[in-house]
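Structural features, examined
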Amino acid sequence: MATLTRGMAVRGTTAMKHVRSFAGFPAFVANAPATEVSTLGNGLRVASEGGHGETATVGVWIDAGSRYETDQNNGAAHFLEHMAFKGTKSRTQSGLEEEIENMGGHLNAYTSREQTVYYAKVFKDDVPKAMDILSDILQNSLLEEGAINRERDVILREMEEVNKQEEELIFDLLHETAYQGTGLGRTILGPEENIKSLTKADLENYINTHYTAPRMVVAGAGAVNHAQLTELAEKSFGGLPTNPPSSLVVPTDEAQFTGSDIRIKNDTMDRAHVAIAYESTGWTDPRAFPMMVMQTLIGCWDRTMGGGKNVASKLGQATAEHGLADSFMCFNTCYKDSGLFGVYFVTDQYNVQDMIWYTMESLVRLCHNASDEEVERAKANLKATMLMQLDGSSPVCEDIGRQMLTYDRRMTPAEIFARIDAVDAATVRAVATEVINDEEHALAGVGPIHELPDYNWVRRRSFWMRY
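The following paragraphs examine the structure supplied in this document. (Residues numbered from 1 in each chain as written. Predicted model: local features only at pLDDT ≥ 70, side-chain atom pairs only at ≥ 80, totals over all residues. Heavy atoms only, no water.)

**A closer look at unusual backbone geometry**
Negative phi characterises most residues that are not glycine, and trans characterises most peptide bonds. You will see that Leu143, though not glycine, has its phi angle at about 55°, which is positive. Relative to the elements of secondary structure, Leu143 occurs in the loop between α5 (127-139) and α6 (145-164). With a phi close to 55°, Asp438 is a non-glycine residue in the positive phi region. Mapping Asp438 onto the fold places it in the loop between α17 (425-435) and β13 (442-447). (Helix = DSSP H or I, 4+ residues; strand = E, 2+ residues; numbered from the N terminus.)

**So, the pattern of salt bridges**
Two side chains with opposite charge may pair up if their charged atoms get near one another. Here the structure, examined in full by the defined rule, presents 30 salt bridges. Residues Asp172 and Arg113 are paired through a salt bridge, measuring 3.0 Å at the closest nitrogen-oxygen approach. Of this pair, Asp172 sits in helix α7 (residues 166-178) while Arg113 sits in the loop between β5 (106-111) and β6 (116-123), and the two are 59 residues apart along the sequence. Like Asp172, the residue Arg113 is buried in the burial classification. The closest approach of N and O atoms between Glu434 and Arg287, which form a salt bridge, is 2.9 Å. One end of the pair, Glu434, is in helix α17; the other, Arg287, is in the loop between β9 (272-279) and α11 (288-298), and 147 residues separate them in sequence. Within the structure, one salt-bridge network assembled from shared partners comprises Glu49, Asp399, Arg402 and Arg410. (Salt bridge = Lys/Arg side-chain N within 4 Å of Asp/Glu carboxyl O. Buried < 20%, exposed > 50% of the residue type's maximum accessible area, 1.4 Å probe, protein only.)

**Considering the sheet that holds β9**
Strand order in the open sheet formed by six strands is β8-β13-β9-β12-β11-β10, and the pairing between neighbours is mixed. Both outer strands of the open sheet, β8 (260-265) and β10 (300-302), are each paired with one neighbouring strand and no more. Taken over all neighbouring pairs, the strand axes of this sheet differ in orientation by 15° on average, direction set aside. Looking at chain direction, strand β11 (residues 327-334) and strand β12 (residues 339-347) are connected through eight bridges and run antiparallel. When the bridges of β12 are listed, Phe328 appears paired with Phe345. Across the sheet, α7 touches β8, β9, β11, β12 and β13, and the angle it forms with β13 is around 145°. (Pairing = 2+ DSSP bridges. Axes fitted to C-alpha atoms, helices over the stretch in contact; angles between N-to-C directions. Contact = heavy atoms within 4.5 Å.)

**Some thoughts on the nonpolar core**
Counting residues in each nonpolar core, the largest one holds 53 residues, and the members touching the most others are Met294 and Ile436. In terms of residue count, the dominant contributor to this core is helix α13 (residues 352-368) (eight residues). Leaving out residues up to four positions away in the same chain, Ile436 has contacts with Tyr278, Met294, Phe341, Leu363, Val364, Leu366, Cys367 and Ser462. Of all hydrophobic cores here, the second largest spans 52 residues; its members include Leu44, Ala84, Tyr211 and Val218. (Core = buried A, V, L, I, M, F, W, Y, C linked by side-chain atoms within 4.5 Å.)

**Here's the deal with the environment of Asn310**
Mapping Asn310 onto the fold places it in the loop between β10 and α12 (314-322). Using a relative accessible area of 71% as the deciding quantity, one classes Asn310 as exposed.

**Notes on helix α4 (residues 93-103)**
For α4, the complete set of buried residues consists of Leu96, Ile100 and Met103. The buried residues of α4 occupy an angular sector of 65° when the element is viewed end-on, so they sit on one face. Seen from the buried face of α4, the exposed residues on the opposite side, beyond 90 degrees, are Glu101 and Asn102. Residues of α4 that are buried make contact with β5, β6 and α5. Where α4 ends, the next residue or the one after it, Gly104, has phi of about 70°, a positive value. (Arc of directions from axis to C-beta.)

**Points about the packing of aromatic side chains**
What describes a pair of aromatic rings is the distance from one ring centre to the other and the angle between the planes of the rings. Applying the stated criterion across every chain yields a total of six aromatic pairs. Note on Tyr179 and Phe257: the rings are 6.3 Å apart at their centroids and 85° apart in plane angle, and the pair reads as edge-to-face. Pair noted here: Tyr179 is in the loop between α7 and α8 (192-197) and Phe257 is in the loop between α10 (226-237) and β8, with a separation of 78 residues, a long-range link. Among the aromatic residues, ring-to-ring pairing joins Phe171, Phe331 and Tyr344 into one connected group. We note Arg215 situated over the ring of Tyr68; from NZ or CZ to the ring centre the distance is 5.6 Å. One residue, Arg402, lies across the ring of Trp283, its end atom 4.6 Å from the ring centre. (Phe/Tyr/Trp six-rings, centres within 6.5 Å; stacked < 30°, edge-to-face > 60°. Lys NZ or Arg CZ within 6 Å of the ring centre and 35° of its normal.)

**Remarks on empty space enclosed by the protein**
Applying the stated rule across the entire model yields four cavities of 30 Å³ or more. Within the residue set of the lining of the largest cavity, elements represented by two or more residues are α11, α12 and α13. Broken down by element, the residue count for the lining of the largest cavity peaks at three residues, all from α13. Across the lining of the largest cavity, the residue classes tally to four nonpolar, two polar and three charged. As a volume, the second largest cavity reaches approximately 50 Å³. Lining the second largest cavity we find Leu80, Met83, Ala84, Tyr118, Ile137, Leu138, Ser141, Ile207 and Tyr211. Of all the elements in the fold, those that place two or more residues in the lining of the second largest cavity are α3 (76-83) and α5. Tallied by class, the residues present in the lining of the second largest cavity amount to eight nonpolar, one polar and no charged. (1 Å grid on protein atoms, 1.4 Å probe; cavity = no way out; pocket = protein on both sides within 12 Å on 5 of 7 lines; lining within 4 Å. Points joined across faces, edges and corners; volume = space filled by probe spheres on them. Nonpolar A, V, L, I, M, F, W, Y, C, P; charged D, E, K, R; others polar.)

**Some points on the packing of helix α14 (residues 372-388) against helix α16 (residues 413-421)**
For the pair α14 and α16, the least separation of the axes is 10 Å and the interaxial angle reads 160°. The angle between α14 and α16 falls in the class roughly antiparallel. Between α14 and α16 lies a crossing whose hand is right-handed. Contact residues: α14 offers Lys379, Leu382, Lys383, Met386 and Leu387, while α16 offers Ile416, Phe417, Ile420 and Asp421. Counted by class, the contact of α14 with α16 contains six nonpolar, no polar and three charged residues. (Parallel < 35°, antiparallel > 145°, perpendicular 65-115°, else oblique. Left-handed = near helix turned anticlockwise from the far one by under 90°.)

From the geometry alone we can't say anything about function, so treat these as descriptive.
Here you go:
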């Protein structure tokens with residue numbers, strides 16, 4: 001039996017204030033489609049937002065990723081993502097590929113530090129087939145030894161390609177130093193020795209440990225019917241266990257931030273890549289939305305943009321006016337109980353020190369001089385960005401699955417707008433002071449970084465002596 005909730009209830013007195021304010025929002029926000037949620041008897045959650053059209057996206061979001069691995073099996077979640085498409089007890093690899101192609105569908109998967117996702121985009125009449133395929137690859141993959149050995153080389157080549165992408169490398173290094181010795185510091189692909197040594201038993205143990213019903217969400221968006229999706233989920237995933245076998249335990253791993261840096265000098269590179277971050281907040285922290293506004297305030301910029309020194313971002317203005325960098329972007333990476341807020345920039349070897357100085361000036365400025373005018377502009381930009389990210393059934397399905405795992409519910413656009421509206425300049429300054437002012441940082445640098453100042457130089461610029 002499944003229990004059904006229509007829409008998503010908003011809890012608490014603050015939330016009630018938000019509800020009363022929804023009337024002032026545009027109709028496309030206040031009257032957005034409801035997200036329906038059901039819970040099966042084994043604890044599996046089913047969530048969907050129905051819509052018009054002929055296509056739908058359905059998928060399974062799993063509360064499992066590299067954070068919940070150990071040093072011995074780090075890389076297992078990503079390895080399983082590869083193995084899921086290599087054949088099941090009832091489908092060969094070629095048969096699976098032909099079945100998806102004959103439907104005109106798209107089947108894909110990805111792994112992050114906290115989540116593993118498998119999803120399919122298909123015509124609405126093929127939703128039952130898609131659910132059957134997702135169920136099959138998640139519960140009945142053969143994990144043949146020969147296929148495992150062949151896939152090792154594929155993943156090792158993928159690792160080589162990832163390490164050639166400086167942005168990917170920088171953020172892996174940033175996590176490694178910021179969360180050293182903890183799960184969030186591990187890479188998603190895992191170390192090379194694990195890729196070469198993981199066995200079928202390791203992968204099966206990972207499945208039995210993490211692929212339990214309460215840790216999974218079936219999400220759907222587009223031309224889906226919630227009652228049908230719940231029925232299909234019951235048929236396909238109703239047999240999932242509620243708990244792992246008694247011999248298997250999900251690793252618990254508290255996030256621990258360490259102020260530190262990691263530097264890889266490489267004079268053969270023509271550009272320096274640097275990322276600096278402060279420990280921020282998890283998804284459910286009250287400061288999460290002010291942090292999103294702060295990210296928008298710092299913004300992003302690159303040489304191809306037409307705005308130049310007239311962009312709203314103070315760091316963008318300085319970068320364009322003084323020719324400090326090729327590009328920069330502010331990031332706000334959230335996890336369950338921690339996060340990284342900072343700036344990543346790409347510049348030449350002669351501007352590294354100047355760029356880090358202006359970056360620190362812009363970050364600390366949020367603690368003291370964030371104005372009402374720029375905060376209101378950032379809030380409007382943030383609202384627009386969030387709505388544009390929900391353009392299509394696949395992004396909506398992604399939003400549903402992620403929010404169900406992080407919040408155990410899905411916030412409506414109206415609630416999101418209300419939470420953004422509740423942020424003012426004083427809130428931004430207060431949260432920035434807590435996160436940035438005179439706090440330890442983590443930094444990663446790769447390339448010709450001779451002029452990148454040492455840790456203490458940067459640390460001393462995390463506060464202003466007077467303002």
